[in-house]
Amino acid sequence: MNFIELVKDCAATLTLNKMRTGLAVLGIIIGIGSVIALIALGQGSQKAVEQQIQSLGSNLLTISSRGGSSGPVQGSIGGGTSLTLADAEAIKTNKAITTIADVSPEYSGRRQVTAGRNNTNTQIIGVYPQYAVIHKLSLASGSFITQRDVDSMTKVAVLGPQAAEDLFGANVDPVGQTIRVQGQVLRVIGMSVSKGGGFGGSADDAVYAPFSAAQKQLFGVSHLTSISVETKSSEIMTRAQDEIGYFLLARHKLNDPEDADFVIMSQQDILSTVSQVTGTFTALLGGIAAISLLVGGIGIMNIMLVTVTERTREIGLRKALGAKKKIIIYQFLIEAVILTAAGGLIGMLLGISASYFLSKALSLPFTIAPTSIALAIGVSGAIGIIFGWYPARKASNLQPIEALRYE
Amino acid sequence: MIKVSHLTKIYRIGSVETVALDDVSFTIKPGEFVAIMGPSGSGKSTLMHILGALDLPTSGEYILDGQKVQNLSDDELAEIRNKKIGFVFQSYNLLPRTTALKNVILPMVYADVPKTKREETAIKYLKLVGLSDRMYHTSNQLSGGQQQRVAIARALVMNPAILLADEPTGNIASVQAEEIMKIFKKLNQQGHTIVMITHEPDIAAWAKRTIHLKDGKIV
């Protein structure tokens, strides 16, 4: 009995036992498909977060005021009143600071915004024209806030795409419409391009207004929440951070950096904070993938073992008719390989298309890691082959009559 | 030539020991036609399985054509089962969901009979047992008697020197049983050794010698 004949014979056996073959293949498909899809989703989400942070600008420093005693960074950013427009002006004009390209003072806070019968609670950001440059914000329609708008406190606004949709409905150009905030009527002059949804899509769900109008008329304050600074290159971020830090400490008459009433964060800092979060997230997804790999593997194992009784009789019969041990083991091994290969291929295609459609539906970037495919196929394949082959080997060691009597 | 001496087979299931064969010795010369008779549980089938190299005795010796069967390797035993001995199982043991023709072809696959010859030979033997109209039926589509005749065709297809049949006519109507016996007789006349188990005296009458077993002993 030559090899080709053996393979043909195995294929024939597999097609004869459609139910058994179908269940085994299904087990492998689910095992492989789910692992590929889960890992793809995890990596897609991670990539989405990274892209979003990078889209904020890679040589961007954010100086935020820090509220008194409420401890480090979190919760207190923007809470204080220590940053002023004069600080921003000073940073921009001081000759000692050589590392910066542009400065954008900002004031932001959440307010209820209404347009006709619609209303939404969204982030109102008071900006200078530099904001669009530094934050890499481009416009889908209309124009951005100009220096003249800021100087003359014009009541205009630029909407983020999410805010525009909430207020005016999807696919409607809001330019020329009006919105109401805090009793003030603002005319919409532009709408920004989406920076992508998902995690903290605040650039999309925002209303931009001239800094002066926002600060004085909408919020009635005289301080800033943050100053965005663009450095001349991304290599000198740390130097810029130091320069601005010591300059502001001196300006605020503070000696110890520990007492600083502001925080300077670079994209790198934000990225590392966020990547701690996404790291946990990836570990979670990895755990889920490992569990589905295990479940898939057990599924494959079960169907292989469930057929052992019938197959043990078959092995006894084949031996009784003169099949040598080697031929029997080859037969079962080839069957297992065919099952695994077929299931693996279908599972892989299914997993890839599932992750494609899921990432489309969740608007995540579509990524497939070759390692996830290798892992899924490797583990499920190994389980399929081992549990196809091992019982067969055991049965082929029995006397034919013992195998025929097996129950 | 089949020679068994002091053959004993003990089955152990848990702590319960069952003596299936108890010190059985006999010789069957080439070309003999022997019937083995005895009540159920007398060890007939166990004896048959040992003679067919499908099982090993607990003690005693089985010498087949001068070779001590216990000393043969697994592959050598497979070779003997394939070429030298044709075995008809009491419970037929056909491959499920497989056609009668494929079942009969199977021993030839393991014997590396050229592909072109296999089908021709299988059809010849299926005709011989009167199943030419059922060749493409799968085993579960066949009646008990038909399955038994497929099993007989499969045992004959390698033209073995020794035919061992465990109740070969147990499920076959008497007219067809006689047909089968005529085939056996003809094979015997051609020089094949035939050993069959039966509990019907008129079937046993076809044989030239009868061995009676009771409680694992020859009586």
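What counts as what
Residues numbered from 1 in each chain as written. Chains lettered and ligands numbered in written order. Predicted model: local features only at pLDDT ≥ 70, side-chain atom pairs only at ≥ 80, totals over all residues. Helix = DSSP H or I, 4+ residues; strand = E, 2+ residues; numbered from the N terminus. Buried ≥ 20, exposed ≤ 12 C-beta atoms within 10 Å, placed from the backbone. Contact = placed C-beta atoms within 7 Å. pLDDT = per-residue confidence, 0-100. Pairing = 2+ DSSP bridges. Axes fitted to C-alpha atoms, helices over the stretch in contact; angles between N-to-C directions. Left-handed = near helix turned anticlockwise from the far one by under 90°. Nonpolar A, V, L, I, M, F, W, Y, C, P; charged D, E, K, R; others polar. Core = buried A, V, L, I, M, F, W, Y, C linked by C-beta atoms within 7 Å. Expected span 1.5 Å × (residues − 1). Parallel < 35°, antiparallel > 145°, perpendicular 65-115°, else oblique.

### So, the overall build of chain B
Okay, so step 1: If you tally the helices and strands in chain B, you get seven helices and ten strands.
Okay, so step 2: A buried classification covers 46% of the 219 residues belonging to chain B.

### Some words on the overall build of chain A
Okay, so step 1: Secondary structure summary: chain A contains 13 helices and ten strands in total.
Okay, so step 2: In chain A, which comprises 407 residues, the proportion classed as buried is 42%.
Okay, so step 3: Nonlocal contacts in chain A, meaning residues at least 24 apart in sequence, comprise 81% of its contacts between residues at least 6 apart.

### A short note on the confidence of the model for chain B
Okay, so step 1: When pLDDT is averaged along chain B, the result is 93; 100% of the residues meet or exceed 70.
Okay, so step 2: The ipTM, which scores confidence in the relative placement of chains, is 0.94 for this predicted complex, and the corresponding pTM is 0.69.

### So, helix H7 (residues 211-219) of chain A
Okay, so step 1: If you check which residues of H7 of chain A are buried, you get Phe211, Ala213, Ala214, Gln215 and Leu218 of chain A.
Okay, so step 2: Looking one or two residues past H7 of chain A, Gly220 of chain A carries a phi angle of roughly 60 degrees, positive in sign.

### Examining the sheet that holds strand S6 (residues 85-88) of chain B
Residue and element names in this part refer to chain B.
Okay, so step 1: Read from one edge to the other, the open sheet built from six strands follows the order S6-S7-S8-S3-S9-S10, with strand pairing classed as mixed. Edge positions in the open sheet fall to S6 and strand S10 (217-218), since each of these has one partner strand only.
Okay, so step 2: Where S6 lies against strand S7 (residues 162-166), four bridges are found, and the strand directions are parallel. The residue of S7 that forms the bridge with Gly86 is Leu163.
Okay, so step 3: This element, helix H5 (residues 144-156), spans S6 and S7 of the sheet and lies at about 175 degrees to S6.

### Quick look at the pairing of strand S1 (residues 60-65) of chain A
Every other side chain in a regular strand lies on the same face of the sheet, so the side chains alternate between the two faces.
Residues and elements named next belong to chain A.
Okay, so step 1: The buried count for S1 comes to six of six residues, which makes it a mostly enclosed element.
Okay, so step 2: Taking every second residue as pointing to the same face, both faces of S1 are buried, with Leu60, Thr62 and Ser64 on one and Leu61, Ile63 and Ser65 on the other.
Okay, so step 3: Where S1 and strand S9 (residues 226-231) come together, five bridges link them in antiparallel fashion. Paired with Leu60 across the two strands is Glu230, which belongs to S9.

### Here's the deal with the environment of Thr307 of chain A
Residue and element names in this part refer to chain A.
Okay, so step 1: Relative to the helices and strands, Thr307 resides in the loop between helix H9 (267-306) and helix H10 (308-320).
Okay, so step 2: The exposure class assigned to Thr307 is partly exposed, which follows from the 19 C-beta atoms found within 10 Å.
Okay, so step 3: Spatially, the C-alpha atoms of Thr307 and Arg20 are 7.6 Å apart, while their sequence positions differ by 287 residues.

### Thoughts on the packing of helix H2 (residues 18-55) of chain A against helix H11 (residues 325-361) of chain A
All names here are of chain A.
Okay, so step 1: In the contact formed by H2 and H11, the axes pass within 7 Å of each other and the chain directions differ by 35 degrees. Crossing handedness for the pair H2 and H11: right-handed.
Okay, so step 2: When the residues that make up the contact of H2 with H11 are grouped by side-chain class, the tally is 17 nonpolar, eleven polar and no charged.

### A look at the sheet that holds strand S5 (residues 67-68) of chain B
Residue and element names in this part refer to chain B.
Okay, so step 1: If you trace the four strands from one edge of the open sheet to the other, you get S2-S1-S4-S5, paired in antiparallel fashion. This sheet does not close on itself; its edge strands, each paired only once, are strand S2 (16-28) and S5.
Okay, so step 2: As judged from the two bridges shared by strand S4 (residues 59-64) and S5, these two strands associate in the antiparallel manner. Bridge pairing in S5 links Leu64 to Gln67.

### Section: the interface of chain A and chain B
Okay, so step 1: Taken together, the contact between chain A and chain B spans 17 residues of the former and 21 residues of the latter.
Okay, so step 2: When contributions to the side of chain A that touches chain B are tallied by element, the ones reaching two or more residues are H10, H11 and helix H13 (400-405) of chain A.
Okay, so step 3: Looking at the side of chain A that touches chain B residue by residue, the class counts come to ten nonpolar, three polar and four charged.

### Here we look at the nonpolar core
Soluble globular proteins tend to bury their nonpolar side chains together.
Okay, so step 1: Val104, Ala153 and Leu164 of chain B are the most contacted members of the largest nonpolar core, which has 103 residues in total.
Okay, so step 2: Broken down by element, this core gets its largest block of residues, 13 residues, from H2 of chain A.
Okay, so step 3: Excluding residues within four positions of it along the chain, Val104 of chain B makes contact with Ala122, Tyr125, Leu126, Val150, Ala153, Arg154 and Val157 of chain B.
Okay, so step 4: In terms of nonpolar packing, the next biggest core, distinct from the first, is built from 52 residues, Leu61, Ile63, Leu137 and Leu218 of chain A among them.

### Observations concerning unusual backbone geometry
A negative phi holds for most residues other than glycine; trans holds for most peptide bonds.
Okay, so step 1: Despite not being glycine, Asn93 of chain B shows a phi value in the positive range, around 50 degrees.
Okay, so step 2: Inspection of the secondary structure puts Asn93 of chain B in the loop between S6 and helix H3 (100-110).

### A look at H11 of chain A
It helps to recall that an α-helix has 3.6 residues per turn; residues three or four apart then point in one direction.
Okay, so step 1: The terminal C-alpha atoms of H11 of chain A lie 53 Å apart, and with 37 residues this matches the ideal 54 Å at 1.5 Å per residue to within 8%.
Okay, so step 2: Remark: Ser363 of chain A follows H11 of chain A within two positions and exhibits a positive phi of approximately 45 degrees.

### Some details on the packing of H2 of chain A against helix H12 (residues 370-396) of chain A
All names here are of chain A.
Okay, so step 1: In contact at an axis separation of 9 Å, H2 and H12 are set at 160 degrees when each is read in the N-to-C sense. By the criterion of interaxial angle, the relationship of H2 to H12 is roughly antiparallel. Relative to H12, the crossing made by H2 is right-handed. Here H2 contributes Ile28, Gly31, Ile32, Val35, Ile36, Ile39 and Ala40 to the contact with H12, which in turn contributes Ser372, Ile373, Leu375, Ala376, Ile377, Ser380 and Gly384.
Okay, so step 2: A class-by-class count of the residues in the contact of H2 with H12 yields ten nonpolar, four polar and no charged.

### Let's talk about the environment of Ile28 of chain B
Residues and elements named next belong to chain B.
Okay, so step 1: In this structure, Ile28 sits in strand S2.
Okay, so step 2: A count of 19 C-beta atoms within 10 Å places Ile28 in the partly exposed class.
Okay, so step 3: C-alpha of Ile28 to C-alpha of Met1: the two residues are 27 residues apart in sequence and 5.9 Å apart in space.
Okay, so step 4: Apart from the residues within four sequence positions on either side, Ile28 is in contact with Ile2, Val34, Thr193 and Val195.

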